[in-house]
Amino acid sequence: MTAPDPTPHLQLAVCDYPEHVPQDRWSDYARQQKALGLSAVRIAEFAWALMEPEPGRYDWAWLDAAIDAIAAEGLQVVLCTPTATPPAWLIRTHPEILPVDREGRVREFGSRRQYDFASPVYREHSRRITRAMAERYGQHPAVSGWQTDNEFGCHDTARSWGGASAAAFPAWLQARHGTVDALNEAWGNVFWSMTYQSFDQILPPNLTVTELNPSHLLDFYRFASDTVRDFQAEQLAILRELSPGRFVTHNFMIFESGFDHYAVSQGLDFVSWDNYPTGMLEFFSGWGSEDLKTRYARTGHPDYVAFHHDLYRGMLQRPFWVMEQQCGQVNWAPYNPLPAAGAVGLWTAQAWAHGADTVSYFRWRAATMAQEVMHSGLLRHDETPDRGHLEVEALDLTQFPAGEVRARVAVLHDYESLWIYDQQRHAASLSYWAQTVAYYGALRSLGQDVDIVHPDHDLSGYDVIVAPALTLMTPGRAAHLQDAARHARIVFGPRTAYRTPSGRTPEDGQPGVLRDLLGVRLQNFDSLRPGLHVTVTASSEDSSGQPVAAQAHTWTESYRLAGAQATHAYADGPLAGQPAVTRHGNVTVIGAHSEALIRSVLSAELAAAGLPQQDLPEGVRVSRRSGVTLLQNWTDDTVHLAGRTLAPISFTVTHD
Amino acid sequence: MTAPDPTPHLQLAVCDYPEHVPQDRWSDYARQQKALGLSAVRIAEFAWALMEPEPGRYDWAWLDAAIDAIAAEGLQVVLCTPTATPPAWLIRTHPEILPVDREGRVREFGSRRQYDFASPVYREHSRRITRAMAERYGQHPAVSGWQTDNEFGCHDTARSWGGASAAAFPAWLQARHGTVDALNEAWGNVFWSMTYQSFDQILPPNLTVTELNPSHLLDFYRFASDTVRDFQAEQLAILRELSPGRFVTHNFMIFESGFDHYAVSQGLDFVSWDNYPTGMLEFFSGWGSEDLKTRYARTGHPDYVAFHHDLYRGMLQRPFWVMEQQCGQVNWAPYNPLPAAGAVGLWTAQAWAHGADTVSYFRWRAATMAQEVMHSGLLRHDETPDRGHLEVEALDLTQFPAGEVRARVAVLHDYESLWIYDQQRHAASLSYWAQTVAYYGALRSLGQDVDIVHPDHDLSGYDVIVAPALTLMTPGRAAHLQDAARHARIVFGPRTAYRTPSGRTPEDGQPGVLRDLLGVRLQNFDSLRPGLHVTVTASSEDSSGQPVAAQAHTWTESYRLAGAQATHAYADGPLAGQPAVTRHGNVTVIGAHSEALIRSVLSAELAAAGLPQQDLPEGVRVSRRSGVTLLQNWTDDTVHLAGRTLAPISFTVTHD
Amino acid sequence: MTAPDPTPHLQLAVCDYPEHVPQDRWSDYARQQKALGLSAVRIAEFAWALMEPEPGRYDWAWLDAAIDAIAAEGLQVVLCTPTATPPAWLIRTHPEILPVDREGRVREFGSRRQYDFASPVYREHSRRITRAMAERYGQHPAVSGWQTDNEFGCHDTARSWGGASAAAFPAWLQARHGTVDALNEAWGNVFWSMTYQSFDQILPPNLTVTELNPSHLLDFYRFASDTVRDFQAEQLAILRELSPGRFVTHNFMIFESGFDHYAVSQGLDFVSWDNYPTGMLEFFSGWGSEDLKTRYARTGHPDYVAFHHDLYRGMLQRPFWVMEQQCGQVNWAPYNPLPAAGAVGLWTAQAWAHGADTVSYFRWRAATMAQEVMHSGLLRHDETPDRGHLEVEALDLTQFPAGEVRARVAVLHDYESLWIYDQQRHAASLSYWAQTVAYYGALRSLGQDVDIVHPDHDLSGYDVIVAPALTLMTPGRAAHLQDAARHARIVFGPRTAYRTPSGRTPEDGQPGVLRDLLGVRLQNFDSLRPGLHVTVTASSEDSSGQPVAAQAHTWTESYRLAGAQATHAYADGPLAGQPAVTRHGNVTVIGAHSEALIRSVLSAELAAAGLPQQDLPEGVRVSRRSGVTLLQNWTDDTVHLAGRTLAPISFTVTHD
Ligand SMILES: [Zn+2]
Ligand SMILES: [Zn+2]
Ligand SMILES: [Zn+2]
């Protein structure tokens, strides 16, 4: 494993596609990139058809020249394995590489990601092209590192619902369960006579007459996730062999749920992600209100972006890269507004404050062809510097020193909980991400720096641990949390420990193995359609003078006390009089979905843990790194904070 | 045919799945069921894979033991044929059993109902497993009766749009039409050159370029309905042969439109249905307003539920069972709120008042596995009694004596009218069910007990007959209605007699053969998009002081008088000045969709027939059975009615 | 080429289907049609299965008789080739004729248009039946002309996404591009490794994993359009050969975008179209507000209808027919309201004023069978005259003299611009039609008569030329516009010249080859989600006292001046301070989507060109033909205009 050379402060880079422009532009571009203060250029993404124009015939001349042009300016080169885009000759020779969508349709050549991760044929070609590239460039002095493929899972491609994946699924099941009887028991297949007699009877869980077995789905998602991990591991092994001393990373995507990112991160030197704040809000945050989407249309929502920074910093507990950073408008959301003036600078500063070591803008020049002609770059189509370019130019990178982000608060996150939660939402407008981000946003509104951590990872460093939606519980995880509760306060959200590792419910009711820790048993849960609300009241008046009643919506659950005490109860509705929030020693459970309640309980917990907090208005955020504090104003209004005046859409750096 | 032993009052039962829990729980459960006052347990639904774990090898040991455990407490056992869930070995050996959806996709194994009713292979296996069960348990002393399959048509499974159904359709058409020329004439295939030269050219009416021929659709729906009927008849014959003295029923589903329930009810001892009031409102009542869905989220709508009770009581004109009664939250609607406190009791009492002899709760213990883990039961996952259990415990069954429901008012209902109406709605927000329920609800708001009756059945017992949407008219039906008009007042809604049995319009215009009875000819109809309204005004001031003008929406039609007189006319819009409501002797036609108008005209007709009526507020309802009156309050407010005070969500029994 | 005999004034006709009624009605109908003042009857549309009941056996007897019955009254007959409805025997023998939808599903027999234009088998049968009809009736004295097929492209049938079209596409590509390298360059296939090695690797652009290459799509749309053109050309050649002296036309459909209508019009004597004003609004105008749809529910929107008249008059720059004119309610929209009293007369008058020589009502008698039973005709099902019949009877045709429509204003329209615009809308609520109609409607609200013209056609006759959405630009087109600017004022809308003929962007940025003419370079564009607005302010106060600030929504773009001056600038938002509207000599560019701004700028341009203008309120319109002016009131209110009082939904003819 090889980390990039440490740098004293944030570095900038850019994604470029030299093959999209005439070769005579390459040196000019490199000079301009250098002049802008960049230190690296990512290239060769998607360029398989150029590198291997026909089966087995490689053409490296153009790429040699492209690398040389960049290196000539002292810029580093990040290379990508081109496996996100298998060329036409490969697909037409081996159509069995193509993935199948949930509706059973083959997903065709003509855009990108048209491969099934489980295809043995594609695996062979993936290894072959990776080896060919690594042999050619693995030790090139200008090459500092590698990106594998591009945005695994993007466009819902982590899973293929037929073809090679369907063929590989039974063997994976056999490896996991041993016998088909064990599988039947794990899945509860006695229900609806779904019992299988042999593994080869089992298909992916699509096109069923009505709702499918969530355990079937959970295992299919695990299978797909393992397959993504194995696919990358093969490339990784080749790159380690042939490109020593270079880093390997992958650029993960926004709110991508198709695989376990913790597993796929293993073996990488650091993690990267692709940060498109306005597209994220418009395209991915389906649960957000229209009003919120309009208000943040030109900046994205600060907490959604920060969540991803903290999420990906937490994968390997180490600084990360933003491999693609929006620097103008995107082209793939229903609406693609221009970023507000100042947004590109603000995004860059925020990325640094949350642990980015490098921010790499996407892309150098706006594409003049194909799918991305309406997407911006640092240069316009006519090669003039676009709005983002000017903001990048204005950055003073010495403001952004390298170093650690130190958080005393952890938010627990787990992809299996996500999968099982979202398969049976029970309240259509709620989702794992929506519930998780609600807790995360409350913490940020209280001025906290937050680590996002896998529940099975080391939790010893935290004073407050928040588990917004830890739906899936194992005995080991329960013991681990019990351990953590010895030194930290823990807050759980609704649906905690609803499900066992096989996707069933605990035979002795929720929260199963977590009962002793929580000191409660689940009494009832309630799914509230839009327009339905219930009131939650605190048992005692809140000493901090905070509101003692809150309106809950969308989801409530109540508890029988088994050691815990109730700090809040329902005041009306079917659960009237029953505990809504409970405390058992260090451990709190919040049963109601209510932004005000969540914020109020978390604030009390932070206070109890002795953590300083701030009462930040919406759209105003504070982040800290390496002894430096970043004050951020994501609103259109001038804001006064900590003795500073923050202009609309701006940031200020202060020192401790 | 064998009726269950008569009982003096309402009986309670429960649906249980012993195979879902360890065998050592069975006796305990039976004891608890007995203690709760239940008299029967329905089991073995969906258990094919356990009864026949591999082709031809039966395992009855577990079911013997399960029946014994129940019988040991003196409880009766209702057995189900398990054909709603063909096992994996059968499907993988005979994939041709699988049905095809409207989009042409095979519907896969992995949930339930994955069979095509027309499959000869599946028919053979359906008969075989039915015979095997009936041979084993047909004369078991604890077995009181049988349920065939489960919820025919649920998940849109009554029709398969390819495969075995496509193969069987031509022969059905030949049997119906004799010659292809007759079919071409009946369907009007001269239109758009759709003329066929032979029956085997004819496919199911899906995947056409644009709108399909409604006559083609009507016959396909008839074919599918006949196929469901024949499928059940085969099981019925076997059960009659091998299980003498036991009842046979089927549990029909909410707003299910995939087959003619009158035909499928024939031969059963009594009809059952599955009553999920909150799921019904949220999932099935697409035409309802969001506001209404929010108001009744925790109880369901009283009239929607009552409609089904009256509908299924009318199938065989005899008391029925609620085979599955919601007793907590469901899991299959977009939102699945907890029932209000009191709702389970209220639903049970309402079911009785509308003619239920047995109410069987679904289900005993909440499932800890698979698709239904988020669905409630009388016991929670942890085996503690859930909210519904407590309400059942509190019921005094002697309040609910057995006996007849006697209604003086009939609402006519016919599945062929439904099919042809909904195929060409002409106003997207209107539907057969929405139009029918609007009339039904108006009658209930006037305090009427109502029978829902097939238009071709005996109508001699009624004073007022309401035909909300009798779209399809035959000469025989017209004569039958003419007969009925001699002794009863009849009210018709819009689109009456728009179509002939072949799905065409009458050659001499609407209402065709009904013209003499109605005394009008259709002048024009009008489909009003949301936001468009027209005013309907009574010709003379209403003596009862009721409103003389009403706003109509969604649908209006006008008439030329041919014997009738106009009682209301349009005051504006394209039909201004034309008759909106007409009267011809005993016969009234209402042409406008207006809740206020419908209620006002029906009230006048009830008065003219000398029937007592009440002016009930929304959510307050009255039902009568066996000399007992059930006052129901479905609202959150305390209500005063007939000198009684009704608490929120409650019922009161009074005696005549 | 043969024009119909000139007539002194508007002629009326009707679409009839004698085969839908008993033969004994035919003479009666013809007498009634004559009495109503009609001069022609269109028949034989869709009647293939009757003309050729089995392969190769023709039955002309019925059609002979039908023609004779019409001819006996002195009415002319328009015959249709019946190729919109290949009969069952042909489809079942050659299922490869069937088209494939975008989802990859075969579109089945059972309605109409079930053919792939590229099918060689179908082509042969199309020629054969055309020849058979033309041999039989080509010189029949009563036959005045022919309609080819019916509504090419209706129901999204211009393109087949598999089958015969997929097979034919590679050869078309080869013919266009010569080499696959040239194609790769044109499409920019270097992007995402989409490079092809041979033409036969290329499929239609559907079922791709994510967004497809817009250049791929553009060529597929061109291919499909050429195929429609060639399909018709084959029929045309046969009709020219065998039916000399008769006209040939085709009836185009509303907002149909599946092929280049200019190309498909070539060779016709005149163009026809099918005018369904209420269905057009409800079904096709997806971008319109609900409020607008409710307001015009009973008339359709005057500008949407007028747009089509002017569009189709412009195809061959010559008067046209309305081949199907709505004369009552339709049956194919979500809501199908009755037309307002007066609407049929108003539609007829408007059609004349915009250049219709014949208006042919659809249909004579309402169909009593199949898909169209809920569609109206001049006669009801019961053969009584329906509302439309009465309005037609009341028309005085001498009010509507034949002659030219003379417009000084041209709106430019181009199908390739439409295709490329709509493939990458970038703002979901905007579209080519929405943007184009916004400009067209502004001109009509200013009292202008407008020609809609292809940008490459002769522009010499116009004083003001408006190019609302001329997205696709070629060097030739740029030169042509440069030419036009010598004598005319030209106004361009947003996205002008964004794309080259291959669908790429200009390498030197937008507006590429149009830069000199416009005197600007594109600076930035902005896509505004609903709720986002920016303000546009005029640089100087408008001398006409018109508003100096306007709110823009949905789309804005700004410019760098390169010779032009800014007449308006953005006052807020990301483009604040940048030009929003520019003028360069005669040439104006409007960058913001704002109805008020568009109207104000166009008004100023009309004034500068010396064209008289009127300030017409919404729903009130004026059109002129042959020295006669038609004042139209499409509103429910009485309106005073030009000294006249216009009743609600009415027209008045005045003479210059
Ligand atoms: Zn990317
Ligand atoms: Zn059920
Ligand atoms: Zn038509």
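Note that this is a predicted model, so its numbers are computed, not measured.

1. Some points on the overall build of chain A
- Counting secondary structure elements, chain A contains 19 helices and 25 strands.
- Its C-alpha radius of gyration of 25 Å places chain A within 12% of the 26 Å reference for a compact globule of 656 residues.
- Residue pairs at least 24 apart in sequence account for 71% of intrachain contacts in chain A once pairs closer than 6 positions are excluded.
- Of the roughly 19,300 Å² of accessible surface on chain A, 51% is carried by carbon and sulfur atoms.
- On chain A, the mean spot of the 51 positive side-chain charges and the mean spot of the 74 negative ones are 1 Å from each other.

2. Side note on the packing of helix H15 (residues 415-423) of chain C against helix H16 (residues 432-445) of chain C
All names here are of chain C.
- With their axes 9 Å apart at the nearest point, H15 and H16 run at an angle of 125° to one another. Relative to H16, the element H15 is oriented oblique. Packed against H15, whose contacting residues are Tyr 415, Ser 417, Leu 418, Tyr 421 and Asp 422, the element H16 presents Tyr 432, Trp 433 and Gln 435 at the interface.
- Looking at side-chain class alone, the contact of H15 with H16 contains five nonpolar, two polar and one charged residues.

3. A short note on the domain arrangement of chain A
Residue and element names in this part refer to chain A.
- Under the domain assignment, chain A is made up of domain 1 (11-158 + 231-399), domain 2 (409-608) and domain 3 (622-655).
- Placing the centre of domain 1 and that of domain 3 at their C-alpha centroids yields a distance of 29 Å.
- Taken together, the 24 residues of domain 1 in the interface contact twelve residues of domain 3.
- Between domain 1 and domain 3 lies a buried interface of about 1,400 Å² when both sides are counted; carbon and sulfur atoms form 70% of it.
- Taken as a group, Leu 346, Trp 352 and Gln 399 account for 42% of the area that domain 1 buries against domain 3, more than any other trio of residues on that side.
- At the junction of domain 1 with domain 3, the criterion picks out one salt bridge.
- With its nearest N and O atoms 2.6 Å apart, the salt bridge here joins Asp 357 to Arg 625.
- Linking domain 1 to domain 3 there are four residue pairs in polar contact (both at pLDDT 80 or more).
- Within the side of domain 1 that touches domain 3, the residues separate by chemical class into 14 nonpolar, nine polar and one charged.

4. Re the interface of chain A and chain B
- At the interface, 55 residues of chain A touch 56 residues of chain B.
- For the chain A and chain B pair, buried surface summed over both sides reaches about 4,800 Å², with 54% attributable to carbon and sulfur atoms.
- Among the ionic pairs, Glu282(B) bridges to Arg529(A), the shortest N-O distance being 2.7 Å.
- Across the contact surface, chain A and chain B share 35 residue pairs in polar contact (both at pLDDT 80 or more).
- Of all elements in the fold, only strand S14 (520-527) and strand S17 (555-561) of chain A reach the threshold of two or more residues within the side of chain A that touches chain B.
- Sorting elements by how many residues they give to the side of chain A that touches chain B places S14(A) first, with seven residues.
- Looking at the side of chain A that touches chain B residue by residue, the classes come out as 24 nonpolar, 20 polar and eleven charged.

5. Looking at the relation of the copies chain A and chain C
- Superposing chain A onto chain C requires a rotation of 120° together with a translation of 0.0 Å along the rotation axis, leaving an RMSD of 0.0 Å. A rotation of that kind, with that shift, is consistent with a three-fold axis.

6. What about the pairing of strand S20 (residues 587-590) of chain C?
All names here are of chain C.
- A two-sided burial pattern is seen for S20, the buried positions comprising Val 587 and Val 589 on one face and Thr 588 and Ile 590 on the other.
- Across three bridges, the pairing between strand S13 (residues 489-492) and S20 is parallel. Following the sheet pairing, Phe 492 is matched in S20 by Val 589.
- Counted along the chain from strand S19 (residues 579-584) to the antiparallel partner S20, the turn is two residues long, and its residue Gly 585 has a positive phi close to 60°.

7. What about the UniProt feature "binding site: substrate" (unreviewed entry) in chain A?
Residue and element names in this part refer to chain A.
- Annotation from UniProt places "binding site: substrate" (unreviewed entry) at Arg 112, Asn 150 and Trp 332.
- Within the secondary structure layout, Arg 112 lies in the loop between helix H4 (88-93) and helix H5 (120-137).
- Residue class for Arg 112 comes out buried when judged on its relative accessible area of 9%.
- When you line up the elements, Trp 332 lands in the loop between strand S8 (320-326) and helix H13 (343-353).
- Residue contacts for Trp 332: discarding those within four places in its chain leaves Ile 254, Tyr 276, Gly 279, Met 280, Phe 283, Phe 284 and His 375.

8. Considering the pattern of salt bridges
- What the rule picks out here adds up to 153 salt bridges over all chains.
- Taking the shortest distance from any N to any O, the salt bridge between Asp101(C) and Arg105(C) comes out at 2.9 Å.
- Judged by relative accessible area, Arg105(C) falls into the partly exposed class, the value being 27%.
- The partner of Asp310(C) in a salt bridge is Arg444(C), with the nearest N and O atoms 3.3 Å apart. Here Asp310(C) is found in helix H12 (residues 302-315), whereas its partner Arg444(C) is found in helix H16, with 134 residues between them in sequence.
- A relative accessible area of 1% places Asp310(C) in the buried class.
- Three or more residues are tied together by salt bridges with common partners; here these are Arg25(A), Asp28(A), Arg31(A), Arg365(A), Glu383(A), Glu185(C), Arg504(C) and Glu507(C).

9. Considerations on the coordination of the zinc ion (ligand 1)
Residues and elements named next belong to chain A.
- Within the protein, Glu 151 (OE), Glu 324 (OE) and Glu 324 (OE) serve as the donor atoms for the zinc ion (ligand 1), at 2.3 to 2.6 Å. Remark: Glu 324 occurs in strand S8 and Glu 151 occurs in the loop between strand S4 (143-147) and helix H6 (163-177); sequence separation between them is 173 residues.
- Relative accessible area serves as the criterion here: at 3%, Glu 324 is assigned to the buried category.

10. Here we look at the environment of Glu404(C)
Residue and element names in this part refer to chain C.
- One can find Glu 404 in the loop between helix H14 (387-393) and strand S10 (409-412).
- The class for Glu 404 is partly exposed, based on a relative accessible area of 40%.
- Taking C-alpha positions, Glu 404 is 32 Å from Arg 295, a pair spaced 109 residues apart along the chain.
- Those residues in contact with Glu 404 that sit more than four places away from it in its chain are Pro 319, Arg 625 and Ser 626.

11. Digging into the sheet that holds S10(C)
All names here are of chain C.
- Across the sheet, which stays open at both edges, the nine strands sit in the order S11-S10-S12-S13-S20-S19-S18-S15-S16 with mixed pairing between neighbours. Because the sheet does not close on itself, it has two edges, and the strands there are strand S11 (450-453) and strand S16 (549-553). When the angles between neighbouring strand axes are averaged without regard to direction, this sheet yields 20°.
- When S10 meets strand S12 (residues 464-467), the two strands line up parallel, connected through three bridges. Directly across from Ala 410, in S12, lies its bridge partner Ile 465.
- Across the sheet, helix H19 (residues 595-608) is in contact with S10, S12, S13, strand S15 (533-538), S16, strand S18 (565-570), S19 and S20; its angle to S20 comes to roughly 175°.

12. Focus: the environment of Val534(B)
- Take Val534(B): it is sitting in strand S15 (residues 533-538).
- Setting aside chain neighbours within four positions, we find Val534(B) in contact with Leu528(B), Ala550(B), Gln551(B), Ala552(B), Thr556(B), Tyr570(B), Asp572(B), Gly573(B) and Arg298(C).

13. A short note on the nonpolar core
- Grouped together as the largest cluster of nonpolar side chains are 634 residues, with contacts concentrated most on Leu63(A), Phe492(A), Leu63(B), Phe492(B), Leu63(C) and Phe492(C).
- Each residue touching Phe492(A), except ones within four places of it in the same chain, is listed here: Ala467(A), Leu470(A), Leu481(A), Leu514(A), Leu517(A), Leu518(A), Val587(A), Thr588(A), Val589(A) and Ile590(A).

14. Quick notes on the interface of chain A and chain C
- Contacts between chain A and chain C engage 56 residues on the former and 55 residues on the latter.
- Here chain A meets chain C over a buried area of about 4,800 Å², counting both sides, of which 54% is carbon and sulfur.
- The interface formed by chain A and chain C contains seven salt bridges.
- Here chain A is connected to chain C by 35 residue pairs in polar contact (both at pLDDT 80 or more).
- Mapped onto the side of chain A that touches chain C, the elements with two or more residues apiece are helix H2 (48-51), H4 and helix H11 (290-295) of chain A.
- Here the side of chain A that touches chain C is composed, by residue class, of 23 nonpolar, 15 polar and 18 charged.

15. Details of the pairing of strand S2 (residues 40-43) of chain A
Residue and element names in this part refer to chain A.
- Burial of the side chains of S2 extends over both faces: Ala 40 and Arg 42 are buried on one face and Val 41 and Ile 43 on the other.
- Bridge analysis of strand S1 (residues 11-15) against S2 gives three bridges, and the strand direction is parallel. Opposite Ala 13, over in S2, you have Ala 40 as the bridge partner.
- Tracing the backbone out of S1, into helix H1 (residues 26-35) and back to the parallel element S2 gives a crossover that is right-handed.

16. What about the packing of aromatic side chains?
- The final tally for this structure, using the stated rule, is 153 aromatic pairs over all chains.
- Centroid distance Tyr432(C) to Trp433(C): 5.7 Å. Interplanar angle 75°. Geometry classified as edge-to-face.
- Grouped by ring-pair contacts, the aromatic residues Trp48(A), Tyr115(A), Phe117(A), Tyr122(A), Phe152(A), Phe231(A), Phe252(A), Phe259(A), Trp273(A) and Tyr312(A) constitute a single cluster.
- One Lys or Arg, Arg495(A), reaches over the ring of Tyr421(A) and ends 4.0 Å from the middle of that ring.

17. Quick word on the state of the cysteines
Residue and element names in this part refer to chain A.
- Tallying each qualifying case throughout the model produces zero disulfides over all chains.
- Free cysteine: Cys 80, not disulfide-bonded; nearest cysteine sulfur from Cys 15 at 7.6 Å.
- Cys 15 supplies the cysteine sulfur nearest to Cys 154, a cysteine that is in no disulfide, at a spacing of 14 Å.
- Assessed through its relative accessible area of 7%, Cys 154 is described here as buried.

What counts as what
- Residues numbered from 1 in each chain as written.
- Chains lettered and ligands numbered in written order.
- Predicted model: local features only at pLDDT ≥ 70, side-chain atom pairs only at ≥ 80, totals over all residues.
- Heavy atoms only, no water.
- Helix = DSSP H or I, 4+ residues; strand = E, 2+ residues; numbered from the N terminus.
- Rg over C-alpha atoms; globule rule 2.2 N^0.38 Å.
- Contact = heavy atoms within 4.5 Å.
- Areas by Shrake-Rupley, 256 points an atom, 1.4 Å probe, with all protein chains shown as cover.
- Lys, Arg positive; Asp, Glu negative; His and termini not counted.
- Charge placed at Lys NZ, Arg CZ, Asp CG, Glu CD.
- Axes fitted to C-alpha atoms, helices over the stretch in contact; angles between N-to-C directions.
- Parallel < 35°, antiparallel > 145°, perpendicular 65-115°, else oblique.
- Nonpolar A, V, L, I, M, F, W, Y, C, P; charged D, E, K, R; others polar.
- Domains from an automatic or database assignment.
- Buried area = accessible area lost by both parts, 1.4 Å probe.
- Salt bridge = Lys/Arg side-chain N within 4 Å of Asp/Glu carboxyl O.
- Polar contact = N/O pair within 3.5 Å; in protein donor to acceptor, adjacent residues only side chain to side chain.
- Least-squares fit on C-alpha atoms with pLDDT ≥ 70 in both.
- Buried < 20%, exposed > 50% of the residue type's maximum accessible area, 1.4 Å probe, protein only.
- Pairing = 2+ DSSP bridges.
- UniProt positions renumbered as here; feature names shortened; annotations may be inferred.
- Donors = N, O, S within 2.8 Å, 3.2 Å for Na, K, Ca; no water.
- Core = buried A, V, L, I, M, F, W, Y, C linked by side-chain atoms within 4.5 Å.
- Right-handed = clockwise from strand over helix to strand, strands pointing away.
- Phe/Tyr/Trp six-rings, centres within 6.5 Å; stacked < 30°, edge-to-face > 60°.
- Lys NZ or Arg CZ within 6 Å of the ring centre and 35° of its normal.
- Disulfide = S-S within 2.5 Å.

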